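Chain by chain, the residues:
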Number of protein chains: 2
Amino acid sequence: MKRTVFFISDGTGLTAEAMGNSLLAQFEKIEFERVTVPYIDNHETAEAVVERINESARADGQRPLVFDTIVKSDIREIVSKANGFMVDIFGTFLNPLEQELQASSSYTVGKSHSIGNESTYEKRIHAVNFALDNDDGARTRHYDEADLILVGASRSGKTPTCLYLALQYGVKAANYPITEDDLDDQQLPEVLRPHREKIFGLTIEPERLSVIRNERRPNSRYSSMKQCMHEVEEIETMYRRERIPYLNTTAYSVEEISTRIMVTTGLKRLR
Amino acid sequence: MKRTVFFISDGTGLTAEAMGNSLLAQFEKIEFERVTVPYIDNHETAEAVVERINESARADGQRPLVFDTIVKSDIREIVSKANGFMVDIFGTFLNPLEQELQASSSYTVGKSHSIGNESTYEKRIHAVNFALDNDDGARTRHYDEADLILVGASRSGKTPTCLYLALQYGVKAANYPITEDDLDDQQLPEVLRPHREKIFGLTIEPERLSVIRNERRPNSRYSSMKQCMHEVEEIETMYRRERIPYLNTTAYSVEEISTRIMVTTGLKRLR
């Protein structure tokens, strides 16, 4: 059985999607057809959305689910007349929050993913550029500026994690690949030693690492099970010897890796 | 007046943050102190969070706001005993959804930002690698594989947008900087012509572009107001002549640029 789901917002729709999907994830046996309709911020676009929802209800023979994060009550009212099952975040929580905070909502549209605080936004973009410029050990001379230096075997997930940390949290993360040459003495590579307190290690199951490396360089020594096992073992030994905090990324998404790093290191999201 | 806010989750906390912040954005005059506590998935960690909330209530002389996305009702029940103002997403919406869907929640913890569908997750990571490998016109031979090719003046926001599109939507986006050399004949650069239907243009106010360029190369011809005005004018003329869809990014965040591109191009989020 397939149910259509609408995510409707006066902004990007990212919040409606995040909230809706976290609820829908609880119903694994139902197949959902998802439609995101962002930037619904006037009467005309709202009426058009009502039409789309109603049409979908007719086509499916069943009303769609509608997750909305529309701030303005007049727009929300129009959408609420559609033939859908409404999950209305602002309608449900804004009033109680006004009461609790003894303050009125400003009813400002599309705030949560806009530029907002300009200097914070610029710092996020700077953090992205920092991650790109300091990717893969390319440069080590900016490590003083880094909030975090991710280390680990080649293809253990360092680069996507650095980029996510930059985009989501504004964290300036460099990354340094630990190669065989670094492992001879089971110590932290020399270039990293002055920055010990910023270092976080990634590790990964050798089986998974071998699969990932095979995509880049099939049937090479680099991607062989033997080589992957050797590197992972040596690197984990080094982490333990040097008391570097580390995480096994095998079963984790980049979002999970990043939030776990934030918790472990105590780094703060930029505001 | 400062209010403490807790975002509590059995997963990453990203959904609780997104939803909470979209509501808090409506109260611009109140200063919020935000605390995210992810991975609360057993009785001990839940009890510890209750202690933290209660302590914060004592310290502030006012109960904190608590946004939670805890799936399991026994854990949620523990947290709900804290001295906080509870905004409980699953407690509020899961039951009505079960009714509407005629299905029981699976009460699976921390689903919404986990790896989930493995092949989808791998495609997102592939998309990140694609964006990195095809950044800044570095290579054009993979344009056949691209879902999207972003074009625009140097520093108009192409790279962060491509990375966000990859991480958030799994879209494989290359980017190509339009330089003065490309502008001589006011036509689409030759290397882009076979891929016309994948091209999306970015533009930006010359004043803003000049500020951004000055950070990279201060007082250069490249960052001069005259040069920025010239490039932007020529590029916009080319977009119009060639009927390339385009967006002025000056006032938009990377999230807004990305969602607007998704709407305009009709690209679909990977599932």
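Residues numbered from 1 in each chain as written. Chains lettered and ligands numbered in written order. Predicted model: local features only at pLDDT ≥ 70, side-chain atom pairs only at ≥ 80, totals over all residues. Heavy atoms only, no water.

Details of the overall build of chain A
Under the convention used in this document: Only DSSP runs of H or I with at least four residues qualify as helices, and only runs of E with at least two residues qualify as strands; both kinds are numbered from the N terminus onward. Radius of gyration here is computed from C-alpha atoms only, and the compact-globule reference equals 2.2 Å multiplied by the residue count raised to the power 0.38. Three labels apply to residues, based on accessible area from a 1.4 Å probe with only protein chains included: buried if under 20% of the type maximum, exposed if over 50%, partly exposed otherwise in between. What makes two residues a contact is simply this: any of their non-hydrogen atoms within 4.5 Å. Here the Shrake-Rupley method, with its probe set to 1.4 Å, supplies the accessible areas, and only the displayed protein chains count as covering residues. When charges are counted, Lys and Arg contribute as positive and Asp and Glu as negative, whereas His and the chain ends are disregarded. A charge is said to be at NZ when it belongs to Lys, at CZ for Arg, at CG for Asp and at CD for Glu.
Looking only at helices and strands, chain A features nine helices and eight strands. For 271 residues, the compact-globule estimate of 2.2 N^0.38 gives 18 Å, and chain A exceeds it by more than 25% at 24 Å. Overall, chain A is about 70 × 45 × 30 Å in size when its C-alpha atoms are taken along their principal axes. Residues counted as buried form 55% of the 271 residues belonging to chain A. The contacts in chain A between residues at least 6 apart in sequence include a share of 71% that link residues at least 24 apart. Counting only carbon and sulfur atoms, one obtains 44% of the accessible surface of chain A, whose full area is about 12000 Å². Of note, chain A has its 34 positive side-chain charges centred 2 Å away from the centre of its 42 negative side-chain charges.

Thoughts on the sheet that holds strand 3 (residues 65-69) of chain B
As a general point, the strands of a sheet are linked pairwise by backbone hydrogen bonds and lie either parallel or antiparallel. Residues and elements named next belong to chain B. Keep this limit in mind: Two strands are counted as paired when DSSP detects at least two bridges linking them. Orientation is described by axes fitted as lines to C-alpha atoms, over the contacting stretch for helices, and by angles from 0 to 180 degrees between their N-to-C directions.
Judged by pairing direction, the sheet is parallel, and its four strands sit side by side in the order 2-1-3-4 without closing on themselves. Of all strands in the sheet, those with a lone pairing partner are strand 2 (31-37) and strand 4 (85-88), marking the two edges. When the angles between neighbouring strand axes are averaged without regard to direction, this sheet yields 20°. Of the strand pairs in this sheet, strand 1 (residues 2-9) and strand 3 are connected by five bridges, and their pairing is parallel. The residue of strand 3 that forms the bridge with Val 5 is Leu 65. The sheet contacts of helix 1 (residues 14-24) involve strand 1, strand 2, strand 3 and strand 4, and relative to strand 3 the element is tilted by about 140°.

A look at helix 9 (residues 254-265) of chain A
Because each turn of an α-helix spans 3.6 residues, side chains separated by three or four positions in sequence point in the same direction. Residue and element names in this part refer to chain A. Put simply, the test is: Working rule for helices: expected span equals 1.5 Å times residues minus one.
The first and last C-alpha atoms of helix 9 sit 16 Å apart over 12 residues, in line with the 16 Å expected at 1.5 Å per residue. Taken together, the buried positions of helix 9 are Val 254, Glu 255, Glu 256, Ile 257, Ser 258, Thr 259, Ile 261 and Met 262. A positive backbone phi angle near 75° is found at Gly 266, which sits one or two residues after helix 9.

Points about the UniProt feature "binding site: ADP" (unreviewed entry) in chain A
This is how it is decided: UniProt positions are given in the numbering used here, feature names are shortened, and annotations may be inferred rather than shown by experiment.
Per the UniProt entry, the sites bearing "binding site: ADP" (unreviewed entry) are Gly152(A), Ala153(A), Ser154(A), Arg155(A), Ser156(A), Gly157(A), Lys158(A) and Thr159(A) in this numbering. Structurally, Ser154(A) can be placed in the loop between strand 5 (148-152) and helix 6 (158-169). With sequence-adjacent residues up to four places away left out, Ser154(A) is seen in contact with Ile178(A), Leu209(A), Arg213(A) and Tyr222(A). By secondary structure assignment, the location of Thr159(A) is in helix 6. When neighbours within four sequence positions are excluded, Thr159(A) is seen to be in contact with Asp135(A), Asn175(A) and Leu132(B).

As for the interface of chain B and chain A
Rules: By salt bridge we mean one thing: a side-chain nitrogen of Lys or Arg within 4 Å of a carboxyl oxygen of Asp or Glu. Residues adjacent in sequence count toward polar contacts only when both atoms are side-chain atoms; beyond that, a polar contact is any pair of N or O atoms within 3.5 Å, and within protein one must be able to donate a hydrogen and the other to accept it. The nonpolar class holds Ala, Val, Leu, Ile, Met, Phe, Trp, Tyr, Cys and Pro. Asp, Glu, Lys and Arg form the charged class, and all remaining residues, Gly among them, are polar.
Of the residues lining the interface, 80 residues belong to chain B; the matching set on chain A comes to 80 residues. Applying the counting criterion to the chain B and chain A interface returns 10 salt bridges. Between Glu100(A) and Arg63(B) there is a salt bridge, with the nearest N and O atoms lying 2.6 Å from each other. Connecting chain B to chain A are 28 residue pairs in polar contact (both at pLDDT 80 or more). Counting residues per element, the side of chain B that touches chain A draws most heavily on helix 4 (residues 89-101) of chain B, which supplies 10 residues. Each residue belonging to the side of chain B that touches chain A can be placed in one class, and the counts come to 38 nonpolar, 21 polar and 21 charged.

Details of the side chain of Thr161(B)
When you line up the elements, Thr161(B) lands in helix 6 (residues 158-169). Each residue touching Thr161(B), except ones within four places of it in the same chain, is listed here: Leu150(B), Leu202(B), Val254(B), Ile257(B), Ser258(B) and Ile261(B).

Focus: the sheet that holds strand 5 (residues 148-152) of chain B
Residue and element names in this part refer to chain B. With parallel pairing, four strands are arranged side by side in an open sheet as 6-5-7-8. The sheet terminates laterally at strand 6 (173-177) and strand 8 (246-248), the two strands that pair on one side only. For this sheet the average axis-to-axis angle between neighbouring strands, irrespective of direction, equals 25°. Sheet analysis places strand 5 next to strand 6, joined by five bridges and oriented parallel. Across the sheet, residue Val 151 finds its bridge partner in strand 6, namely Tyr 176. Lying on the sheet, helix 6 is in contact with strand 5, strand 6 and strand 7 (199-203); it crosses strand 6 at an angle near 175°. Against the sheet, helix 9 (residues 254-265) makes contact with strand 5, strand 7 and strand 8, and its axis sits at roughly 140° relative to strand 7, the strand it touches most.

Some remarks on the side chain of Ser105(A)
Summarising the element assignment, Ser105(A) is placed in the loop between helix 4 (89-101) and helix 5 (118-133). Residue Ser105(A) is classed as buried on the basis of its relative accessible area of 8%. Setting aside residues no more than four positions away along its own chain, Ser105(A) makes contact with Leu94(A), Glu98(A), Gln26(B) and Phe27(B).

Points about the relation of the copies chain B and chain A
Cut-off, in case you're wondering: Alignment of the copies relies on least squares applied to C-alpha atoms, considering only residues that score at least 70 for pLDDT in both.
Each copy superposes on the other: chain B lies on chain A with an RMSD of 0.0 Å after a rotation of 180° and an axial shift of 0.0 Å. What the superposition gives is, in effect, a two-fold axis relating one chain to the other. Among all residues of chain B, the minimum C-alpha distance to the rotation axis is found for Met19(B), at 3.4 Å. The fraction of interface residues of chain B whose copies in chain A are also interface residues reaches 100%, indicating that both copies meet through the same surface.

Thoughts on the nonpolar core
As a reminder of what qualifies: Buried residues of nine kinds, namely Ala, Val, Leu, Ile, Met, Phe, Trp, Tyr and Cys, make up a nonpolar core once their side-chain atoms join them within 4.5 Å.
Residues Leu148(A) and Leu148(B) are the most contacted members of the largest nonpolar core, which totals 50 residues. Leu148(A) has contacts with Leu165(A), Val171(A), Lys172(A), Ala173(A), Ala174(A), Lys198(A), Phe200(A), Ile261(A), Thr265(A) and Leu267(A), leaving out every residue within four places of it along the chain. If you look at the next biggest cluster of nonpolar residues, it comprises 40 residues, including Ala16(A), Leu24(A), Ile30(A) and Val87(A).

As for the packing of aromatic side chains
Applied cut-off: For Phe, Tyr and Trp, where Trp contributes only its six-membered ring, two rings pair if their centres lie within 6.5 Å, and the inter-plane angle classes them as stacked under 30 degrees, edge-to-face over 60, or tilted in between. Geometrically, a lysine NZ or arginine CZ counts as sitting over a ring once it is within 6 Å of the ring centre and also within 35 degrees of the ring normal.
In total, this model carries five aromatic pairs over all chains according to the counting rule given. For Arg213(B), the ring lying beneath its charged end belongs to Tyr222(B), and the centroid distance is 4.3 Å.

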